[in-house]
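# Results of the structural survey
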Amino acid sequence: RVNAKMLSPLGVAESLLDTAERRLEQRKATLASDLATIDLVEQNMASFRKDMDRDVAFERLQIEKALDGMVRRADTFFEERMTLFQLPMLMEADKFKAEFQSEVMTGVTERLDDVVSDVSSLVEDRARNQARAVLLFGSASRGAFAEYRGNVIRSYV
């Protein structure tokens, strides 16, 4: 009787529905896990962005300090040089330019290069570490994309 029921169209349909329902429940659990993982990654990324904004703001302040110092030196330079007493020197453009470079610009380019290099290294290191952490975290979760994440992780780590 059970065999006859399973061979009937209704029995086959019921069996297919049961199998499909089990698969859907498994997929639902997997998707719930993936959504929880995405939420955690988004929280982690928000924290990462906040840290990066703070660090970049500090480096921006260092650039502003270097430029402010240069502007102050330039103001002083022009106040001292733009007088009638300095007229002979003003007539010598090369000498004026050399003194300006020496008194105002000395060290500015190097300081700016250092700050930009520091912030570039910081951003690169933090981004690489963040990507690695997210990918490792993602590979540890049991989700629908575990195989895909595993392939990506091998290319980053």
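## With respect to the overall build of the protein chain
When helices and strands are tallied, the protein chain shows six helices and zero strands. Mapped from its N terminus to its C terminus, the protein chain presents α and β elements in the order α-α-α-α-α-α. Within the protein chain, buried positions represent 20% of all 157 residues. Across the protein chain, the fraction of contacts at a sequence separation of at least 24, relative to all contacts at a separation of at least 6, is 63%. On the protein chain, roughly 12000 Å² of surface is accessible, and the fraction owed to carbon and sulfur atoms is 59%.

## Some words on the pattern of salt bridges
For the coordinates displayed, the defined rule picks out eight salt bridges. Residue R54 pairs with D55 through a salt bridge whose shortest N-O separation is 3.4 Å. Judged by its relative accessible area of 48%, R54 falls in the partly exposed class. Here D55 falls in the buried class, since its relative accessible area comes to 14%. Among the salt bridges present, the one from R81 reaches E103, with a minimum N-O distance of 2.4 Å. Placement of the pair is R81 in helix α2 (residues 9-81) and E103 in helix α4 (residues 93-105), with a sequence separation of 22 residues. Here E103 falls in the partly exposed class, since its relative accessible area comes to 37%. Each of D51, R54, D55 and R126 takes part in one network of salt bridges that share partners.

## Some words on α4
Residues spaced three or four apart along an α-helix point in a common direction, a consequence of the helix completing one turn every 3.6 residues. F96, F100 and V104 are the residues of α4 that are buried. Burial along α4 is one-sided: seen end-on, the buried residues are contained in an arc of 35 degrees.

## Things to note about the packing of aromatic side chains
All chains considered together, the criterion is met by five aromatic pairs. The interplanar angle of 80 degrees and the centroid separation of 5.6 Å between the aromatic rings of F77 and F78 together place this pair among those described as edge-to-face. For F77, a relative accessible area of 1% puts it in the buried group. The class for F78 is partly exposed, based on a relative accessible area of 32%. Where F77 meets F100, the ring centres are 5.4 Å apart and the plane angle is 75 degrees; that geometry is what we call edge-to-face.

## Examining the environment of D75
Structurally, D75 is set in helix α2. With 29 residues separating them along the chain, D75 and V104 place their C-alpha atoms 9.2 Å apart.

## Observations regarding the confidence of the model for the protein chain
When pLDDT drops low, the exact placement of atoms in the prediction is not to be read closely. Of the residues in the protein chain, 84% have a pLDDT of 70 or more, and the chain-wide mean is 82. Confidence, read as mean pLDDT per element, is least for helix α6 (residues 146-156) in the protein chain (51) and greatest for α4 (89).

## Quick notes on the nonpolar core
By size, the foremost hydrophobic cluster in this structure holds eight residues: M70, A74, F77, M89, F96, F100, V104 and V108. Elements supplying a minimum of two residues to this core: α2 and α4. Every residue in contact with F77, bar those within four places of it in the chain, is listed here: F96, E99, F100, E103 and V104.

## Brief notes about the packing of α2 against α4
Between α2 and α4, whose axes approach to 9 Å, the crossing angle comes to 140 degrees. As judged from the angle between their axes, α2 and α4 are oblique. The crossing of α2 and α4 is right-handed. For the pair α2 and α4, the contacting residues are M70, R73, A74, F77, F78 and R81 in the first and F96, E99, F100, E103, V104 and M105 in the second. Residue composition of the contact of α2 with α4, by class: eight nonpolar, no polar and four charged.

Conventions and cut-offs
Residues numbered from 1 in each chain as written. Predicted model: local features only at pLDDT ≥ 70, side-chain atom pairs only at ≥ 80, totals over all residues. Heavy atoms only, no water. Helix = DSSP H or I, 4+ residues; strand = E, 2+ residues; numbered from the N terminus. Buried < 20%, exposed > 50% of the residue type's maximum accessible area, 1.4 Å probe, protein only. Contact = heavy atoms within 4.5 Å. Areas by Shrake-Rupley, 256 points an atom, 1.4 Å probe, with all protein chains shown as cover. Salt bridge = Lys/Arg side-chain N within 4 Å of Asp/Glu carboxyl O. Arc of directions from axis to C-beta. Phe/Tyr/Trp six-rings, centres within 6.5 Å; stacked < 30°, edge-to-face > 60°. pLDDT = per-residue confidence, 0-100. Core = buried A, V, L, I, M, F, W, Y, C linked by side-chain atoms within 4.5 Å. Axes fitted to C-alpha atoms, helices over the stretch in contact; angles between N-to-C directions. Parallel < 35°, antiparallel > 145°, perpendicular 65-115°, else oblique. Left-handed = near helix turned anticlockwise from the far one by under 90°. Nonpolar A, V, L, I, M, F, W, Y, C, P; charged D, E, K, R; others polar.

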